[in-house]
Amino acid sequence: MPATLPSSFPSDGFSENLSVLPQINYGTIWRYMIETCDAKKKLSTAKPLVKGFNFFKSGYVLSIKCQKLNDHFYVKSQVLPSMKKSKLYSCFIVMDALGQVVKAYDGCPAGIDGRCNHVAATLFALEQYFKFRQQEQTQYLVHQNYANGIFHVSARLMMYQFLTASLQNTCMARLKLKRNPLPVSPHTHKEHQLSMSS
């Protein structure tokens, strides 16, 4: 018997902007599907965990929307069933502020306690979204650090070249002056001797 959707679950105000959600990883999925359920149900939920991953990889998750309301996050998705592709199942997931799944609801007959293939597939799709997002952020930071590093190296190299050239010019000028001193006119030399004698 599928879990019944409570009236507290919002009916509108959802967005496709998944960045408002807290990060979801495999640990999130495992804790909800396996660890937090009763020992008797662990075997029955382990199979949907594997099937849900295959559903996700096969592109069965068609859409995911979410919203934040008070201290909870609400997710709803549409997932294809395993057999009749003309029908869609709607999944409804409630998460706390830390991203842990509090409860999930699904309309499929196998949606026992909200832990079915479609809910698992939705969670795997969210995990993949955050993986891609993290990779994009990492690539951006690497690109920025690389660009900044190149800029600093170029600036230092230009300053080094400028100082080296200035030092070389100064040394060459002094060397030339030492080899070829500036000529002194006879008139100036004679005036200098007269001033010394007086």
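Along each chain, numbering runs from 1 in the same order as the chain's sequence is written. In keeping with the model being predicted, local features are shown solely for residues with a pLDDT of at least 70 and side-chain atom pairs are shown and tallied solely at 80 or more, while totals for entire chains, interfaces and linings include all residues. Hydrogens and waters are ignored; side-chain quantities use all the structure's heavy atoms.

S.K.: Just to check I follow, could you spell out the overall build of the chain for this structure?
M.R.: Secondary structure assignment for the chain yields four helices and four strands. Counting from the N terminus, the helices are the DSSP runs of H or I reaching at least four residues and the strands are the DSSP runs of E reaching at least two. Reading the secondary structure of the chain in the N-to-C direction produces α-α-β-β-β-β-α-α. Counting the 198 residues in the chain, one finds 30% classified as buried. Contacts in the chain between residues far apart in sequence, at least 24 positions, make up 60% of those at least 6 positions apart. For every residue, the accessible area (1.4 Å probe, protein chains only) is compared with the maximum for its type, and the residue is labelled buried under 20%, exposed over 50%, or partly exposed between those bounds. We call two residues in contact when some of their heavy atoms are within 4.5 Å.

S.K.: What should I look at first to understand the sheet that holds strand β4 (residues 101-106) in this one?
M.R.: At least two DSSP bridges between two strands are required for those strands to pair. What the four strands build is an open sheet, ordered β1-β2-β3-β4; its pairing is antiparallel. Each edge of the open sheet carries a strand with a single partner, namely β1 (61-69) and β4. Neighbour-to-neighbour, the strand axes of the sheet open up by a mean angle of 15°, direction not taken into account. For strand β3 (residues 89-95) and β4, the ladder comprises five bridges, and the chain directions are antiparallel. Directly across from I93, in β4, lies its bridge partner A104. Note on geometry: axes are lines fitted to C-alpha atoms, helical ones only across the stretch in contact, with angles between N-to-C directions running from 0 to 180 degrees.

S.K.: Even after reading the chapter, I still don't get the pattern of salt bridges, so can you show me in this structure?
M.R.: Side chains bearing opposite charge may pair, as long as their charged atoms lie close to each other. The salt bridge definition used is simple: a Lys or Arg side-chain nitrogen within 4 Å of an Asp or Glu carboxyl oxygen. Following the criterion strictly, the structure yields three salt bridges and no others. A salt bridge links D113 to K103; its shortest N-O distance comes to 2.9 Å. Taken together, the positions of D113 in the loop between β4 and α3 (117-179) and K103 in strand β4 put the pair 10 residues apart, joining distant regions of the chain. In this structure, D113 and R115 form a salt bridge, with 2.4 Å as the shortest nitrogen-oxygen distance. Residue R115 is classed as buried on the basis of its relative accessible area of 8%. Look at the salt bridges and you will find they share partners, linking K103, D113 and R115 into a network.

S.K.: When you look at unusual backbone geometry in this model, what are you seeing that I'm missing?
M.R.: We note that N70 has phi near 60°; this positive angle belongs to a residue other than glycine. Tracing the backbone through its elements, the reader meets N70 in the loop between β1 and β2 (72-79). Looking at N70, the relative accessible area reads 65%, which means it is exposed.

S.K.: Honestly, helix α1 (residues 26-35) in this entry has me stumped. Any pointers?
M.R.: Residues of α1 that are buried include every one of T28, I29, Y32, M33 and I34, and no others. Think of a polar contact as two N or O atoms within 3.5 Å of one another; within protein, one of them needs to be a possible hydrogen donor and the other a possible acceptor, and neighboring residues in sequence only count if both atoms come from side chains. By the N-cap criterion, in which a side-chain oxygen at the helix start approaches the backbone nitrogen of a residue two or three places on, α1 is capped by N25, the distance to G27 being 3.0 Å.

S.K.: How should I be thinking about the nonpolar core in this particular structure?
M.R.: Grouped burial of nonpolar side chains is what soluble globular proteins tend to show. To form a nonpolar core, buried Ala, Val, Leu, Ile, Met, Phe, Trp, Tyr and Cys residues must be joined to one another through side-chain atoms within 4.5 Å. Of all hydrophobic cores here, the largest spans 34 residues; its most connected members are L21, V75, I93, M95, V119, L123 and L126. When contributions to this core are tallied by element, the ones reaching two or more residues are α1, α2 (42-57), β1, β2, β3, β4 and α3. Top contributing element to this core by residue count: α3, with eight residues. In this view, L126 contacts L18, L21, I24, I64, V75 and M95; residues no more than four positions away in its chain are not counted. Counting six residues, the second largest nonpolar core, distinct from the first, contains F9, Y74, F92 and V94.

S.K.: Can you walk me through the side chain of R115 in this structure?
M.R.: With respect to the secondary-structure elements, R115 resides in the loop between β4 and α3. Within the structure, R115 has its side chain in polar contact with the side chain of D113 (distance 2.4 Å).

S.K.: Which parts of the structure should I look at to understand the pairing of β3?
M.R.: With six of seven residues buried, β3 lies mostly within the body of the structure. Here β2 runs beside β3; their pairing, made up of seven bridges, is antiparallel. Bridge assignment links K76 to a residue of β3, and that residue is F92.

S.K.: Before we go on, may I ask you to explain the packing of aromatic side chains in this structure?
M.R.: Both the distance between ring centres and the angle between the ring planes are used here to describe each pair of aromatic rings. Any Phe, Tyr or Trp ring, taking Trp's six-membered ring, that has another such ring centre within 6.5 Å forms a pair; planes under 30 degrees apart are called stacked, those over 60 apart edge-to-face, and the others tilted. Under the criterion given, the structure shown has nine aromatic pairs. For the pair Y26 and W30, a centre-to-centre distance of 6.3 Å together with 35° between the ring planes defines the contact as tilted. Linking Y26 with W30, this pair stays in helix α1, spanning four residues, or about one helical turn. For Y26, a relative accessible area of 38% gives the class partly exposed. Taken together, a centroid distance of 4.7 Å and an interplanar angle of 50° make the contact between F55 and Y60 tilted. Note on accessibility: F55 and Y60 belong to one class, buried. In this structure an aromatic cluster arises from ring pairing among Y26, W30, F53, F56 and F124.

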